[in-house]
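# Overview (structure and organization)
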4 protein chains.
Amino acid sequence: MSKIIDLNSDIGESFGAYKIGLDKEVLKYVSSANIACGWHAGDPMVMRDTVRSAYNSNVGIGAHPGFLDVMGFGRRNMTVSPDEMKQYTIYQLGALYGFVKAAGAQMQHVKPHGAMYNMAAKDSKLAQAIIEGIWEVDSSLIVLGSCGSELVRAAKEKGLKAANEVFADRAYNVDGTLVSRSLPGAMILDTNIAISRVIRMVNEGKVTAINGEDINIKVDSICVHGDNPEAVDFVRLIKEELSRAKVEIKPLSKFIK
Amino acid sequence: MSKIIDLNSDIGESFGAYKIGLDKEVLKYVSSANIACGWHAGDPMVMRDTVRSAYNSNVGIGAHPGFLDVMGFGRRNMTVSPDEMKQYTIYQLGALYGFVKAAGAQMQHVKPHGAMYNMAAKDSKLAQAIIEGIWEVDSSLIVLGSCGSELVRAAKEKGLKAANEVFADRAYNVDGTLVSRSLPGAMILDTNIAISRVIRMVNEGKVTAINGEDINIKVDSICVHGDNPEAVDFVRLIKEELSRAKVEIKPLSKFIK
Amino acid sequence: MSKIIDLNSDIGESFGAYKIGLDKEVLKYVSSANIACGWHAGDPMVMRDTVRSAYNSNVGIGAHPGFLDVMGFGRRNMTVSPDEMKQYTIYQLGALYGFVKAAGAQMQHVKPHGAMYNMAAKDSKLAQAIIEGIWEVDSSLIVLGSCGSELVRAAKEKGLKAANEVFADRAYNVDGTLVSRSLPGAMILDTNIAISRVIRMVNEGKVTAINGEDINIKVDSICVHGDNPEAVDFVRLIKEELSRAKVEIKPLSKFIK
Amino acid sequence: MSKIIDLNSDIGESFGAYKIGLDKEVLKYVSSANIACGWHAGDPMVMRDTVRSAYNSNVGIGAHPGFLDVMGFGRRNMTVSPDEMKQYTIYQLGALYGFVKAAGAQMQHVKPHGAMYNMAAKDSKLAQAIIEGIWEVDSSLIVLGSCGSELVRAAKEKGLKAANEVFADRAYNVDGTLVSRSLPGAMILDTNIAISRVIRMVNEGKVTAINGEDINIKVDSICVHGDNPEAVDFVRLIKEELSRAKVEIKPLSKFIK
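These numbers come from a predicted model, not from an experiment.

### With respect to the pattern of salt bridges
Residues and elements named next belong to chain B. For the coordinates displayed, the defined rule picks out 68 salt bridges over all chains. The residue arginine 236 makes a salt bridge to glutamate 240 at a minimum N-O spacing of 3.0 Å. Here arginine 236 pairs with glutamate 240, and both are found in helix 8 (residues 229-244), just four residues apart, close to one helical turn. Accessibility expressed as a relative area gives 29% for arginine 236, which makes it partly exposed.

### Some words on the interface of chain B and chain A
Across the boundary between the two partners, chain B contributes 21 residues, which contact 21 residues of chain A. Buried area between chain B and chain A, summed over both chains or domains, comes out near 2,000 Å², and the portion from carbon and sulfur atoms is 66%. The largest contributions to the chain B side of the interface with chain A come from Met45, Gln87 and Tyr91 of chain B, which together make up 30% of the buried area. The interface formed by chain B and chain A includes two salt bridges. For the salt bridge of arginine 48 of chain A with aspartate 83 of chain B, the shortest nitrogen-to-oxygen distance reads 2.8 Å. Counting across the chain B and chain A interface gives six residue pairs in polar contact (both at pLDDT 80 or more). Listing elements by their share of the side of chain B that touches chain A, those giving two or more residues are helix 2 (44-56), helix 3 (82-102) and helix 5 (124-137) of chain B. If you tally residues by element for the side of chain B that touches chain A, the top one is helix 3 of chain B, at twelve residues.

### Looking at the relation of the copies chain A and chain C
The operation relating chain A to chain C is a screw motion whose rotation component is 180 degrees, with 0.0 Å of axial translation and a residual RMSD of 0.0 Å. Such a combination of rotation and displacement between the chain copies is what one expects of a two-fold axis. Across chain A, the smallest distance between a C-alpha and the rotation axis is recorded for tyrosine 18 of chain A, namely 3.0 Å. Of the interface residues in chain A, 100% have counterparts in chain C that sit at the interface too, so the contact is made through matching surfaces.

### Description of unusual backbone geometry
Of note, the phi angle at phenylalanine 73 of chain A is positive, near 55 degrees, even though the residue is not glycine. Structurally, phenylalanine 73 of chain A is set in the loop between strand 3 (60-64) and helix 3 (82-102). What makes phenylalanine 73 of chain A buried here is its relative accessible area of 3%. If you check the backbone angles, asparagine 58 of chain D has positive phi at about 55 degrees while not being a glycine. With respect to the helices and strands, the residue asparagine 58 of chain D is situated in the loop between helix 2 (44-56) and strand 3 (60-64). With a relative accessible area of 67%, asparagine 58 of chain D lands in the exposed category.

### Here's the deal with the relation of the copies chain B and chain A
Between the two copies, chain B and chain A, the superposition gives an RMSD of 0.0 Å; the rotation angle is 180 degrees and the shift along the axis is 0.0 Å. Of all interface residues in chain B, 100% are interface residues in chain A too; the two copies therefore contact each other through one and the same surface.

### Topic: the nonpolar core
Buried together is how nonpolar side chains tend to be arranged in soluble globular proteins. In this structure, Ile222 of chain A, Ile222 of chain B, Ile222 of chain C together with Ile222 of chain D are the most contacted members of the largest nonpolar core, which totals 356 residues. Contact partners of isoleucine 222 of chain D, with chain neighbours within four places excluded, come to Ile5, Asp6, Leu7, Asn8, Val166, Ala168, Val198, Val202, Ile238 and Leu242 of chain D.

About the thresholds
Residues numbered from 1 in each chain as written. Chains lettered and ligands numbered in written order. Predicted model: local features only at pLDDT ≥ 70, side-chain atom pairs only at ≥ 80, totals over all residues. Heavy atoms only, no water. Salt bridge = Lys/Arg side-chain N within 4 Å of Asp/Glu carboxyl O. Helix = DSSP H or I, 4+ residues; strand = E, 2+ residues; numbered from the N terminus. Buried < 20%, exposed > 50% of the residue type's maximum accessible area, 1.4 Å probe, protein only. Contact = heavy atoms within 4.5 Å. Buried area = accessible area lost by both parts, 1.4 Å probe. Polar contact = N/O pair within 3.5 Å; in protein donor to acceptor, adjacent residues only side chain to side chain. Least-squares fit on C-alpha atoms with pLDDT ≥ 70 in both. Core = buried A, V, L, I, M, F, W, Y, C linked by side-chain atoms within 4.5 Å.

The following block contains the structure:
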């Protein structure tokens with residue numbers, strides 16, 4: 001029987017006169033999209049367009065809430081309380097829901113952005129706060145978080161569906177966490193190696209950690225990027241190679257229970 | 001048979017460390033609340049608290065979207081396109097919906113704030129744009145606009161329920177529009193006069209315009225304020241006098257069809 | 001004796017993760033730069049870099065204040081009071097001064113951006129307000145405004161040095177104002193025509209208005225753009241043609257008294 | 001010979017429609033004012049008014065830069081780089097300079113606000129970054145920081161004048177740092193005790209730490225608050241008691257070398 005995997009990408013990150021991301025290109029290949037909700041990127045016009053494009057491409061629509069920090073693109077940690085984290089999640093989920101309803105579409109999942117994602121991966125209280133926010137808005141949503149994160153743990157504890165994502169271009173520590181970008185070897189630069197690692201993660205549930213040891217890894221979705229033509233080429237390639245390896249690519253909602 | 005009227009007030013306009021409005025006091029008297037959605041006022045913590053307070057007070061919950069201009073409190077006209085106006089409405093309605101769902105409450109109505117309200121009162125294209133935004137998010141919402149405004153007209157044309165509001169403390173022109181605040185006599189400063197005008201508007205559907213002529217006026221809701229203790233006293237008083245005049249005060253959802 | 005002209009361009013309009021404008025390219029050709037001050041575009045890192053680049057390129061440094069509206073890129077009119085306009089000017093001039101001082105450079109001029117520019121071109125009170133703001137911060141600054149604008153008039157009245165700019169790619173009405181972009185013929189699309197018009201404006205002080213009549217026009221600076229490679233090519237070309245026509249290109253400070 | 005001390009307070013923290021702080025009252029008693037620069041609080045109208053009021057009250061004018069976080073009032077740590085910290089300082093110093101120049105006044109000092117203050121107290125790289133920013137804008141400014149902080153250390157190292165502030169209402173650890181607000185005994189609630197502690201700090205250079213031990217403390221300025229009438233009463237009282245104890249109150253510029 002064939003394996004199933006989701007490909008996800010952050011899109012809808014343009015803002016006013018500022019355009020970034022090859023959203024239309026990347027939507028041809030991914031099965032789920034994380035759509036910025038106006039706080040770190042994405043204005044209402046962009047959100048409307050992006051929700052529509054994802055819907056028309058049969059791509060699963062996800063909210064991608066971040067910190068209110070356009071200048072820092074939501075990538076800077078901020079010392080917020082769990083209650084703030086929860087309400088910021090609710091606000092942004094709701095805002096994206098407006099466009100999802102206007103498009104006659106469905107929201108599939110939530111994946112926090114940048115610093116919110118990183119903080120919620122490690123801090124159980126912040127993770128729980130985000131999960132409570134999602135739960136109170138729509139308990140049928142799928143939470144997309146990094147494999148082994150506090151966010152995924154908190155989602156399951158609460159009874160929300162959760163999906164584990166991996167990064168094709170990142171090295172892993174032996175405990176399953178990502179090797180910090182500041183360390184040598186953190187990025188997998190060779191496309192072929194990246195792809196074969198991903199296929200092994202999908203098919204065998206294993207990856208070689210940075211110390212050379214094989215570790216178990218659970219993968220439901222692969223995070224890819226659409227920042228530039230090379231990134232989009234990589235997405236196309238990974239999709240082709242997955243197909244060749246008899247791995248089906250489907251939105252999270254089709255296989256996460 | 002007794003008349004029915006709604007009393008509405010803008011609340012939830014605090015922001016971070018900045019507190020304004022005697023929301024708890026005013027919620028004792030009004031039947032509908034227009035809750036700021038984070039763009040001109042109201043942060044997510046404030047929105048959560050305000051939705052809860054209104055819900056616990058059995059006050060009808062309304063979205064109060066405004067321009068993204070905290071510095072100007074959403075009171076400054078901005079030359080936005082109809083499409084921008086529509087998407088800004090959808091974003092803010094959605095955001096408030098998040099908190100309404102989290103509270104297990106219902107959204108009753110929408111009333112644009114400040115410059116958005118004023119522009120939509122006169123400009124039919126902007127009015128239609130707001131109405132389309134509301135329609136696409138939830139076609140069961142009631143639109144609260146000034147009596148005779150393009151917004152109310154557009155709501156009815158689209159098939160949305162609409163309610164006409166009047167201002168107890170403002171003079172009217174003979175065409176039913178408000179006398180500009182910059183003109184003498186624009187404000188009704190005498191509380192007793194203001195109250196007897198309101199009661200006559202409710203009971204007879206008439207008000208004396210600034211030129212002394214009686215005009216017809218349709219009133220479903222009276223807009224009151226909670227900015228300071230005197231304003232709240234006036235709300236209490238107007239409620240008492242309406243009761244004495246056998247006018248029932250109910251949220252819009254109870255009587256607007 | 002040869003004529004002298006300034007070439008000016010808006011630069012420093014990137015913001016956080018968002019990059020726009022071929023600033024380094026355009027700095028090779030222009031003699032004055034209008035640098036965004038953080039309100040409509042340009043964050044502090046961008047401002048630092050841009051001031052330095054302009055300084056190192058011997059390009060005259062100008063403040064380019066706009067409305068606090070990153071989402072609208074400062075292009076949307078806002079109904080601000082003259083006093084607000086004045087203080088917004090002072091704030092942004094001051095902010096840019098910080099970077100000018102840090103770079104050991106000098107500020108040469110001020111040119112309002114977008115909606116602020118357009119509003120100040122027509123509204124004498126807003127124009128005077130901006131001029132007062134500039135005057136109070138540094139009365140030696142040159143004001144760069146559109147030829148025949150209220151801004152230039154107000155600058156002269158106050159005693160500030162003023163420079164008139166023209167647009168190479170825009171048609172003029174017979175009264176010297178720009179033909180609205182919404183009208184046919186507003187844009188001069190043929191590069192050769194644009195350049196010969198500019199050279200005639202510089203050499204003869206005349207331009208053919210849209211109705212075919214020749215009008216007098218006073219030009220101290222030509223506004224050019226660096227948004228894309230074609231725009232930069234045009235800047236290079238106009239510079240070459242001006243040189244060929246024995247027109248010297250110098251920063252405003254070298255010839256505006 | 002009499003001792004000299006400065007009394008400083010944060011003012012100018014209103015924003016648009018939001019008014020906070022009894023600035024006019026507190027300006028009667030303090031000798032130096034830390035004026036918000038628009039990022040965490042204070043809009044250009046407020047900055048103009050506040051600079052003028054301080055100037056007219058012969059109170060030393062200081063810049064009070066903070067993080068771009070009105071919603072969090074600049075109180076939330078953000079993971080910014082030293083270079084960002086430096087440029088954010090330059091931007092805000094410059095902006096306040098605009099109003100200082102417009103008022104014909106002088107800037108006396110800089111005191112970072114909230115999270116920026118706390119982070120720069122402990123992190124030497126961020127402290128150095130702020131100091132470089134100040135140095136590049138105006139090397140004659142006095143840096144006001146907490147006694148024993150990295151900020152004060154970095155200022156001295158760079159050659160900037162520095163002043164040590166203490167808090168009348170806070171307990172100290174034996175190493176001279178403030179007892180965290182989350183611990184019991186962190187706040188000195190008894191006004192008389194607070195005042196006698198301050199007078200001893202000024203006169204003897206000593207304070208009793210929370211463990212009962214006497215420690216040396218260097219004090220140039222006492223930080224006081226004007227948030228509410230009780231706070232202002234305390235400022236008035238501390239000023240009276242200092243006078244009675246023959247301590248002179250003067251702006252930093254009069255005695256910091």
